[in-house]
Amino acid sequence: MHHRICLLFVLALLLGALPEAARAAWLDRTEAIMGTRVYVQLWADDPAAGNAAIDAVMADMRRIDELMSHYKPDSQLSQINQHAAEEWVQVDAELYDLIKLSTHYSQITEGAFDITYASVGYLYNYPLHIHPTEDQIKAALPAVNWRYLQFDDATHTIHYARRGMRIDLGGIGKGYAVDHGIGILQQLGIRHALVTAGGDSRILGDHLGRPWLVAIRHPDDPTKVVTRIPLSDAAISTSGDYERYFDENGVRYHHIIDPHTGHSASKVRSATIIGPTATQTDGMSKTAFVLGPERALEIINRMPQYDAVFVCPDGRVVYSNGLRPPAPRPPGAPH
Ligand code: ADP
Ligand code: MG
């Protein structure tokens, strides 16, 4: 006993003597990248190495943004939009694969998720309160169809089968970047981390023995929380009608577009998806938003790895089966 106390005392002295910089700690940082807020939090045994790991994730996010941003005219994505109706455009394998994966998501969601939504989506400008007229939507809508994206796997080239087509990876790129960031942290030996970009987060490990608690906000009040979900080793994405929007004559024009109508989807106020990777949950949160709770839950309740939370226009909160508390035992039921 005496020895143990002695050892503890020596340990305490040693720890006290260590320079501040060598102590294990939670580190975090926020940066503005991809037109949104990027946040990284991690547990680092060595703070210098932890900060270098955060640097690496932020640098990778900037790299992905350079490649895939539709705001940057020189990005490879913008090159596709500018030229793919006239000629086959060659792009890096990473971008090629993500565009191809997006069409796979379109296929399994009957087109609720469709990166060619941008063929009408570009007619909206939320900060300037601009939306297309019905005639403009009618004229642009035929170019919204993932089936008109043509691929050549051997050369990584892409072609548009129709004029007037545009693509935008705003509905999957942040999730992809978050997954890439988590991969970088894992390679650097980090075991507890959260990486967030806009509405997309992924959690690595637990919060030192407890789950992380991720909040879903109230659609009309950013300071109010609708629910908190405990998570470890999982991804979570929320799509909401309160992120990029304006109201006109009682109609909310916002950034999640139903590819079948060209209008902002209005079945829910927000859709949250929990699943294994942020690429998947990012794609599925648009899908769930466009389809609405009834149809989306038919699909999600059949997929054991996924869960969902919807905030409905009347304020109701709807959960997938995996998040519901077990039904109370009827009185007199055997234990
Ligand atoms: P965040 O960008 O904050 O993560 P979301 O994940 O909800 O928000 O993504 C919204 C973005 O998804 C829109 O700004 C747009 O770029 C894109 N998008 C909108 N509708 C669709 C759709 N039906 N299919 C695919 N992408 C879409
Ligand atoms: Mg997203």
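Residues numbered from 1 in each chain as written. Chains lettered and ligands numbered in written order. Predicted model: local features only at pLDDT ≥ 70, side-chain atom pairs only at ≥ 80, totals over all residues. Heavy atoms only, no water.

(A) View of the site of ligand 1. Ligand 1 sits among 17 residues. The nearest are Tyr117, Lys174, Ser239, Ile257 and Lys286. Backbone polar atom of Ala112 to a nitrogen atom of ligand 1: 3.1 Å apart, as the coordinates give it. Contact distances for ligand 1 include 3.0 Å between an oxygen atom and a side-chain N or O atom of Asp200. Notes on ligand 1: free accessible area 580 Å², of which the protein chains cover 93%. For the shell around ligand 1, the per-class residue count stands at six nonpolar, five polar and six charged. Taken domain by domain, the shell around ligand 1 gets at least three of its residues from each of domain 1 (20-67 + 175-321) and domain 2 (76-170). (Near = heavy atom within 4 Å. Polar contact = N/O pair within 3.5 Å; in protein donor to acceptor, adjacent residues only side chain to side chain. Areas by Shrake-Rupley, 256 points an atom, 1.4 Å probe, with all protein chains shown as cover. Nonpolar A, V, L, I, M, F, W, Y, C, P; charged D, E, K, R; others polar. Domains from an automatic or database assignment.)

(B) Expanded view of helix 8 (residues 278-291). End to end, helix 8 covers 19 Å across 14 residues, agreeing with the expected 20 Å (1.5 Å per residue, within 8%). Most of helix 8 is tucked away, with 13 of its 14 residues classed as buried. (Helix = DSSP H or I, 4+ residues; strand = E, 2+ residues; numbered from the N terminus. Expected span 1.5 Å × (residues − 1). Buried < 20%, exposed > 50% of the residue type's maximum accessible area, 1.4 Å probe, protein only.)

(C) Region of interest: the packing of helix 8 against helix 9 (residues 293-300). One can describe the packing of helix 8 onto helix 9 by two numbers: an axis separation of 6 Å at closest approach and a directional angle of 135°. Compared by their axis directions, helix 8 and helix 9 come out oblique. Contacts between helix 8 and helix 9 involve Met284, Ala288 and Leu291 on the former and, on the latter, Arg295, Ala296, Ile299 and Ile300. Looking at the contact of helix 8 with helix 9 residue by residue, the class counts come to six nonpolar, no polar and one charged. (Axes fitted to C-alpha atoms, helices over the stretch in contact; angles between N-to-C directions. Parallel < 35°, antiparallel > 145°, perpendicular 65-115°, else oblique. Contact = heavy atoms within 4.5 Å.)

(D) Spotlight on the side chain of Asp307. Summarising the element assignment, Asp307 is placed in strand 14 (residues 307-311). Buried charged residue Asp307 carries no salt bridge. Nearest counter-charge: Arg324, at 8.9 Å. Among the polar contacts made by the side chain of Asp307, one reaches the side chain of Ser320 at a distance of 2.4 Å. A polar side-chain atom of Asp307 sits 3.3 Å from the main-chain amide nitrogen of Gly322. Excluding residues that lie within four positions of it along the chain, Asp307 makes contacts with Thr272, Ile273, Ile274, Ile300, Ser320, Asn321, Gly322 and Leu323. (Lys, Arg positive; Asp, Glu negative; His and termini not counted. Salt bridge = Lys/Arg side-chain N within 4 Å of Asp/Glu carboxyl O.)

(E) How the structure looks around the domain arrangement of the chain. By the assigned domains, the chain splits into domain 1 (20-67 + 175-321) and domain 2 (76-170). Centre-to-centre separation of domain 1 and domain 2, based on C-alpha positions: 23 Å. Sorting the residues of domain 1 by area buried against domain 2 places Leu67, Phe246 and Pro259 first, and these three jointly supply 29% of that buried surface. Joining domain 1 to domain 2, the criterion identifies two salt bridges. In this structure, the salt-bridge partner of Glu110 is Arg295, at a minimum N-O distance of 2.8 Å. The interface formed by domain 1 and domain 2 contains 10 residue pairs in polar contact (both at pLDDT 80 or more). Elements represented by at least two residues in the side of domain 1 that touches domain 2 include exactly helix 2 (47-68), helix 7 (173-187), strand 11 (245-248), strand 12 (251-254) and helix 8. Counting residues per element, the side of domain 1 that touches domain 2 draws most heavily on helix 8, which supplies seven residues. Its residues assigned to classes, the side of domain 1 that touches domain 2 shows 10 nonpolar, 12 polar and six charged. (Buried area = accessible area lost by both parts, 1.4 Å probe.)

(F) Broad picture of the coordination of the magnesium ion (ligand 2). Within the protein, the atoms that donate to the magnesium ion (ligand 2) are Asp200 (OD) and Asp282 (OD), at distances of 2.1 to 2.3 Å. You can see Asp200 sitting in strand 7 (residues 200-204) and its partner Asp282 sitting in helix 8, a full 82 residues away along the chain. Considered together, Asp200 and Asp282 belong to a single accessibility category, that of buried residues. (Donors = N, O, S within 2.8 Å, 3.2 Å for Na, K, Ca; no water.)

(G) Representation of the sheet that holds strand 3 (residues 89-90) within the structure. Spatial strand order, 3-5-4: three strands in an open sheet with antiparallel pairing. The open sheet has two free edges, formed respectively by strand 3 and strand 4 (149-152), since each of these has just one partner strand. As paired strands, strand 3 and strand 5 (residues 157-160) are joined by two bridges and run antiparallel to one another. Pairing of Val89 across the sheet is with Ile158, part of strand 5. This element, helix 4 (residues 93-108), spans strand 4 and strand 5 of the sheet and lies at about 135° to strand 4. (Pairing = 2+ DSSP bridges.)

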